[in-house]
Amino acid sequence: VGFITSESRALNQRRADKLKIDFYYPGENEKLKRAQEVCQKMGITLQQVAYIGDDRNDLELLNAVGFKACPRNARPEIKNLKGMYQLCHKGGEGAVREWIDLLLLSGKIG
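Residues numbered from 1 in each chain as written. Predicted model: local features only at pLDDT ≥ 70, side-chain atom pairs only at ≥ 80, totals over all residues. Heavy atoms only, no water.

Alignment of strand β3 (residues 50-52) against strand β4 (residues 67-70), held across 3 bridges, turns out to be parallel. Paired with Ile52 across the strands is Ala69, a residue of β4. Assessed by its sense of winding, the connection that carries the chain from β3 through helix α3 (residues 59-64) to β4 is right-handed. With 3 bridges connecting them, β4 and strand β5 (residues 84-86) associate as parallel partners. Its bridge partner being in β5, Cys70 is matched across the sheet by Gln86. (Pairing = 2+ DSSP bridges. Helix = DSSP H or I, 4+ residues; strand = E, 2+ residues; numbered from the N terminus. Right-handed = clockwise from strand over helix to strand, strands pointing away.)

Encoded structure:
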């Protein structure tokens, strides 16, 4: 489990620490490149990755992963991506939890 975010906020760092996140990359502008590096380290492909994103800077990575989702308040161009699962919750209001639950129930992860 990891965070790749363009933000560099103490709040995100605290959340990553609290949840014992395996990979945390703040201030990242090349999300696809970073995700490829993580996949290489883990011996997996991007098609095996589940990713949630909501804005233009997530577009490239969302187009590359096997399982993609966006929160209810994502940008329209993100919502309209082929294969996008649109979550019921907004970002910061339970969207990540909803996505994880769906993945666990589907047997895609676990």
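Looking now at unusual backbone geometry. Leaving glycine out, the prevailing phi sign among residues is negative, and the prevailing peptide bond configuration is trans. Despite not being glycine, Lys20 shows a phi value in the positive range, around 55°. Inspection of the secondary structure puts Lys20 in the loop between α1 (10-19) and β2 (23-25).

Considering all chains together, one arrives at 3 aromatic pairs under this definition. With 6.0 Å between their ring centres and 80° between their planes, Phe3 and Tyr24 make a pair best called edge-to-face. Taken together, the residues span a long stretch of sequence, with Phe3 in strand β1 (residues 2-4) and Tyr24 in strand β2 at a distance of 21 residues. Note on Phe3: relative accessible area 25%, which makes it partly exposed. Overall, Tyr24 belongs to the buried group, its relative accessible area being 17%. Between Tyr85 and Trp99, the ring centres sit 6.3 Å apart and the planes meet at 25°, which makes this aromatic pair stacked. Linking Tyr85 in strand β5 with Trp99 in helix α5 (residues 95-106), this pair joins segments that are 14 residues apart in sequence. Of the residues examined, Tyr85 reaches a relative accessible area of 39% and is grouped as partly exposed. A residue is classified by how much of its surface remains accessible, and Trp99, at 9% relative accessible area, is buried. (Phe/Tyr/Trp six-rings, centres within 6.5 Å; stacked < 30°, edge-to-face > 60°. Buried < 20%, exposed > 50% of the residue type's maximum accessible area, 1.4 Å probe, protein only.)

The next subject is the side chain of Lys68. Here Lys68 is to be found in strand β4. Within the local environment of Lys68, its side chain forms a polar contact with the backbone oxygen of Leu62, the two atoms lying 3.0 Å apart. What Lys68 contacts, discounting residues up to four positions off in sequence, is Tyr51, Leu62, Asn63, Lys82, Gly83, Met84, Tyr85 and Trp99. (Polar contact = N/O pair within 3.5 Å; in protein donor to acceptor, adjacent residues only side chain to side chain. Contact = heavy atoms within 4.5 Å.)

What follows is about the sheet that holds β5. Here we have 3 strands laid out as an open sheet, ordered β3-β4-β5, and parallel in their pairing. Edge strands, defined here as strands with exactly one partner in the open sheet, are β3 and β5. On average, each strand axis in the sheet is tilted by 25° relative to the strand beside it, whichever way the strands run. The strands touched by α5 within the sheet are β3, β4 and β5, with β3 carrying the most contacts at an inclination of about 160°. (Axes fitted to C-alpha atoms, helices over the stretch in contact; angles between N-to-C directions.)

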